[in-house]
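Each chain, letter by letter, is given below.
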Amino acid sequence: MGFTYGYGVPYKGSINASFKFEAENPWLATNAGQDFLVERRCATVPQYFECRQKYFDFYISWLLQQHQANPTAGFDVMAFEASEQAKSFSFRRPDSEVSAQDRFSPAQSLREIQAAIGDDDTLVLEYFLGQEASYLWVLGQNGALQVHTLPPRAEIEAQAQAFYDLLTAPTGRVRPQTTAQAGAALSQTILGPVANQLGTQRLVIVADGLLQYLPFAALPNPNPGNLPTASALQGEYGSVLNPLLLDHEVVYLPTASTLVTLRRNAPLRPQPTQELAFFANPVFNHRDLRVRQVKLFPWSRPFSSSELANIEALYSAIPATERELDSILETNLLPEDKVKTFFGYDANLRAAVDSRLGQYRMVHFASHGIFNSNAPERSGIVLSGLREDGVVQAGLLSPTYAFNEMNLAATELVVLSGCRTGLSQGHIGREGMTGLTNGLFDAGAERVVASLWSVRDDATRELMNRFYGRMLDPENPIPPAQALIEAQRSMWNEPRWQTPYNWAAFTLQGVWE
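As the structure is a prediction and not an experimental result, all values here were calculated from the model.

Draft legend 1. Molecular detail of the overall build of the protein chain. Helix and strand counts for the protein chain come out as 19 helices and 15 strands. When the 513 residues of the protein chain are sorted by exposure, 58% land in the buried category. Taking all contacts inside the protein chain whose residues are at least 6 apart in sequence as the whole, residues at least 24 apart take part in 76%. On the protein chain, roughly 21200 Å² of surface is accessible, and the fraction owed to carbon and sulfur atoms is 49%.

Draft legend 2. How the structure looks around the pattern of salt bridges. Taken as a whole, this structure holds 18 salt bridges when the rule is applied. Its salt-bridge partner being Asp458, residue Arg456 comes within 3.0 Å of it at the nearest N-O pair. Asp458 sits in the partly exposed class, given a relative accessible area of 27%. Across the pair Arg466 and Glu494 runs a salt bridge, and its minimum N-O distance is 3.0 Å. Of this pair, Arg466 sits in helix α17 (residues 457-471) while Glu494 sits in the loop between α18 (480-492) and α19 (500-503), and the two are 28 residues apart along the sequence. Taken together, the shared-partner salt bridges in this structure form one network comprising Asp119, Arg202 and Glu249.

Draft legend 3. Broad picture of the nonpolar core. Phe365, Leu416, Phe467 and Tyr468 are the most contacted members of the largest nonpolar core, which has 134 residues in total. The element best represented in this core is α18, accounting for seven residues. Beyond its immediate stretch of four places on either side in the chain, Leu416 contacts Phe365, Phe371, Ile381, Leu436, Leu440, Val448, Val449, Ala450 and Ser451. Counting residues in each nonpolar core, the second largest holds nine residues, with Val294, Leu308, Ile311 and Tyr345 among its members.

Draft legend 4. Up close: unusual backbone geometry. Residue Asn281 is not a glycine yet carries a positive backbone phi of 50 degrees. Within the element layout of this structure, Asn281 appears in strand β6 (residues 274-282).

Draft legend 5. Summary view of the environment of Ile60. Within the fold, Ile60 resides in helix α2 (residues 45-69). Counting along the chain gives 75 residues from Ile60 to Tyr135, while the straight-line C-alpha distance between them is 9.2 Å. Beyond its immediate chain neighbours, meaning those up to four positions away, Ile60 contacts Ala79, Ala82, Ser83, Phe128, Tyr135 and Trp137.

Draft legend 6. Structural context of empty space enclosed by the protein. One pass over the full model with this rule turns up three cavities of 30 Å³ or more. As for the second largest cavity, its lining consists of 13 residues, and the residues nearest its centre are Val250, Leu484, Gln488, Phe506 and Thr507. Listed by contribution, the elements that provide at least two residues to the lining of the second largest cavity are β5 (250-252), α18 and β15 (506-510). Broken down by element, the lining of the second largest cavity gets its largest block of residues, four residues, from α18. Among the residues forming the lining of the second largest cavity, the class breakdown is 11 nonpolar, two polar and no charged.

Draft legend 7. Looking closely at the side chain of Thr168. Along the chain, Thr168 turns up in helix α6 (residues 153-168). With relative accessibility at 15%, the residue Thr168 sits in the buried group. A polar contact is formed between the side chain of Thr168 and the backbone oxygen of Tyr164, at a distance of 2.9 Å. If sequence neighbours within four positions are ignored, Thr168 has contacts with Arg173, Trp453 and Tyr501.

Draft legend 8. Inspection of helix α11 (residues 256-265) at higher detail. Taking burial as the measure, the 10 residues of α11 include seven buried ones, the bulk of the element. For α11, the complete set of buried residues consists of Ala256, Ser257, Thr258, Leu259, Val260, Thr261 and Leu262.

Draft legend 9. The pairing of β15, seen in detail. The buried count for β15 comes to five of five residues, which makes it a mostly enclosed element. Here five bridges tie strand β14 (residues 447-451) to β15, and the two strands are oriented antiparallel to one another. Among the inter-strand pairings, Arg447 is bridged to a residue of β15, identified as Gly510.

Draft legend 10. Here's a closer look at the packing of helix α5 (residues 110-117) against α11. At a minimum axis distance of 9 Å, the contact between α5 and α11 shows a crossing angle of 60 degrees. In terms of orientation, α5 lies oblique with respect to α11. Crossing geometry of α5 relative to α11 is assigned as left-handed. Facing Glu112, Ile113, Ala116 and Ile117 of α5, the residues of α11 in contact are Ala256, Ser257, Leu259, Val260, Arg263 and Arg264. Here the residues of the contact of α5 with α11 sort into six nonpolar, one polar and three charged.

Reading the values: rules and limits
Residues numbered from 1 in each chain as written. Predicted model: local features only at pLDDT ≥ 70, side-chain atom pairs only at ≥ 80, totals over all residues. Heavy atoms only, no water. Helix = DSSP H or I, 4+ residues; strand = E, 2+ residues; numbered from the N terminus. Buried < 20%, exposed > 50% of the residue type's maximum accessible area, 1.4 Å probe, protein only. Contact = heavy atoms within 4.5 Å. Areas by Shrake-Rupley, 256 points an atom, 1.4 Å probe, with all protein chains shown as cover. Salt bridge = Lys/Arg side-chain N within 4 Å of Asp/Glu carboxyl O. Core = buried A, V, L, I, M, F, W, Y, C linked by side-chain atoms within 4.5 Å. 1 Å grid on protein atoms, 1.4 Å probe; cavity = no way out; pocket = protein on both sides within 12 Å on 5 of 7 lines; lining within 4 Å. Points joined across faces, edges and corners; volume = space filled by probe spheres on them. Nonpolar A, V, L, I, M, F, W, Y, C, P; charged D, E, K, R; others polar. Polar contact = N/O pair within 3.5 Å; in protein donor to acceptor, adjacent residues only side chain to side chain. Pairing = 2+ DSSP bridges. Axes fitted to C-alpha atoms, helices over the stretch in contact; angles between N-to-C directions. Parallel < 35°, antiparallel > 145°, perpendicular 65-115°, else oblique. Left-handed = near helix turned anticlockwise from the far one by under 90°.

So this is what it looks like as structure tokens:
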């Protein structure tokens, strides 16, 4: 029949449509005939991004070779700023000549980034993974930029994949010793060169490649300061793993330049008039028991049962998500008249791009979501694919929609609690996770909390209630970044929740105050 649900319609998350690309890249078009382009190696969109990555790989490596020969000539700064350019990414609306990335967060200078850090207790660690060698830049508010050479991309990503698999695979979760050993090897590779500088400072991670999908807070601390508590030692991991989160608040940024833009925009932000918008349990497809019929248009006939049997249903219903914030909503932490829930059919794309959403201080999406490392335009939050009358509708809140349609003008925090990572074999681009989060930042959000893999309902509910409880504590409210790390530490210290699978998936990107 050829029918599929509308989670990948052109311009509803299609990077080809956003860039006005055809099957091949028109930037390579030539009037001189095809003889000049014997090999069109960068013709398609995925090939273009891979070629772009190879260009920056070569350029940054060349700059750092010049830095070794001329250490005071500033080539290290140029290489860092080139890394920022490499991570900058744009989704362009078909009728727009200005990319959203240019509107929101173009690459900034080292001096502007250092000024935006804002305190002496924060270190920014920026990674660039290259084919022949990788690099780590270290910068604080003051002091000289440092750069360290790391192993090639393939070696680092092999170690990262091994650790990620042990954190997330059912068999890996019950092998604490093996997980700790894999984590220690990776930690030594990517943090070892700066272990003596970490202290107890806040760590702001600007990752690259597969490291974008890695929870640094779960990495073994190469130079730990805090000993595990007595209760933590009773857990399976407590005696074999001393994670970074025990000594450090860990925050993430798509690029260090993002921080500059967030700081500049802060004085211009309106005050929120509402507290929480909560999206949960969307109606994805005909397999949902709430669905009575499915049709393409209001005037068309419904599909028959035999026709529906041949239609693939990618996502199952998630009724438990409606209870994800029960302990918060059942208390007086938030005024009832300032909370709005979007459940079932109401959890749809129209509601997500409604300008009134920008009145809410917090927006929480408890739904399926994916960060696609190989096809960034297919990243997004999955919302209702059907209307209440059974008519099919677009249901993917993609990076393009976030950039061009959402209004989060007063939103301080967006939570994506059901996301998972779509890691592809081979090329891991820079755009899967950062495309979506940059879109939310461009729409106005100051911070984004997202999960890197699908976590069990009970563990997600536990983490979220501890996180919101600390953040909204009427006697001692704390910033979201601190609230998240404290919630994770509390779960680590309890044997029941200690397995990193239960808490490490959740990361915060954006400002930490």
